[in-house]
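Residue-level listing of the chains:
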Amino acid sequence: MAKEGEHPVKPANQRGAARLAAVQALYQMDVGGTGVLEVVAEYETHRLGQELDGDTYLKADASWFRSIVAGVVRDQVKIDPLIRASLQEDWPLSRLDSTLRAILRAGTFELLERKDVPIAVIVTEYVEIAHAFFGEEEPRIVNAVLDRIAKQVRSEAKK
């Protein structure tokens, strides 16, 4: 039972926390060149549900976190072209902010691989993550790009 003023952590929030941690880990790998095994181990040991530098990280679904990070790395040659095709023609993927690129890669991975999760849940979660880092424009980009990708990859499965 949660104490007054505290909110109980719901299992769905643990997936949300895993998504946020995965975006942060992907960003760290993109900017710092950290390897997937190293970054997953660091997050699982020192960040997920832990306190670091005065910040308390939410308890996260560690297997969900691992599957996103490892899946993005494994499927990046499939993910990046989907994102690129969903951006405006004058915006190459390399021109995007590293955090925005990490959000789009994680969201695209889930749209491709997590058919058990509704499109609206995936898109909403990653738009919320974008709001944590950016103003209004980037969350709109995340919404538009993931929506385009969802229509493409999820409708193909129905044919």
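See the structure shown above.
Quick summary incoming for the structure in this document.

Conventions adopted
Residues numbered from 1 in each chain as written. Predicted model: local features only at pLDDT ≥ 70, side-chain atom pairs only at ≥ 80, totals over all residues. Heavy atoms only, no water. Helix = DSSP H or I, 4+ residues; strand = E, 2+ residues; numbered from the N terminus. Buried < 20%, exposed > 50% of the residue type's maximum accessible area, 1.4 Å probe, protein only. Contact = heavy atoms within 4.5 Å. Areas by Shrake-Rupley, 256 points an atom, 1.4 Å probe, with all protein chains shown as cover. 1 Å grid on protein atoms, 1.4 Å probe; cavity = no way out; pocket = protein on both sides within 12 Å on 5 of 7 lines; lining within 4 Å. Points joined across faces, edges and corners; volume = space filled by probe spheres on them. Nonpolar A, V, L, I, M, F, W, Y, C, P; charged D, E, K, R; others polar. Core = buried A, V, L, I, M, F, W, Y, C linked by side-chain atoms within 4.5 Å. Polar contact = N/O pair within 3.5 Å; in protein donor to acceptor, adjacent residues only side chain to side chain.

**A closer look at the overall build of the protein**
Working step 1: Across its full length, the protein carries 6 helices and 2 strands.
Working step 2: Each helix and strand of the protein, ordered N terminal to C terminal, gives the series α-α-β-β-α-α-α-α.
Working step 3: Residue burial in the protein is summarised as follows: out of 159 residues, 41% are buried.
Working step 4: The contacts in the protein between residues at least 6 apart in sequence include a share of 68% that link residues at least 24 apart.
Working step 5: Counting every atom, the protein has about 9100 Å² of accessible surface; 51% of that belongs to carbon and sulfur.

**A few points about the layout of surface pockets**
Working step 1: The calculated volume of the largest pocket comes to roughly 260 Å³.
Working step 2: Taken together, 14 residues line the largest pocket, and the ones lying closest to its centre are Leu87, Gln88, Trp91, Glu137 and Ile141.
Working step 3: Broken down by element, the residue count for the lining of the largest pocket peaks at 6 residues, all from helix H6 (residues 137–158).
Working step 4: Taken together, the residues of the lining of the largest pocket sort by class into 7 nonpolar, 2 polar and 5 charged.

**A short note on the nonpolar core**
Nonpolar side chains tend toward joint burial in soluble globular proteins.
Working step 1: By size, the foremost hydrophobic cluster in this structure holds 43 residues, and its most contacted members are Ile68, Val69, Ile83, Ile103, Leu104, Tyr126 and Val142.
Working step 2: Elements with a contribution of two residues or more to this core: helix H1 (11–32), helix H3 (62–86), helix H4 (98–113), helix H5 (119–133) and H6.
Working step 3: Sequence-distant contacts of Tyr126, defined by excluding residues within four places in its chain, comprise Arg19, Val23, Ile68, Ile103, Ala106, Gly107, Glu110, Val142 and Leu146.

**Things to note about the side chain of Arg101**
Working step 1: Assignment of secondary structure puts Arg101 in helix H4.
Working step 2: Within polar-contact distance, the side chain of Arg101 engages the backbone oxygen of Leu96 at 2.8 Å.
Working step 3: Here Arg101 is in contact with Asp30, Leu93, Ser94 and Leu96, once residues within four sequence places are set aside.

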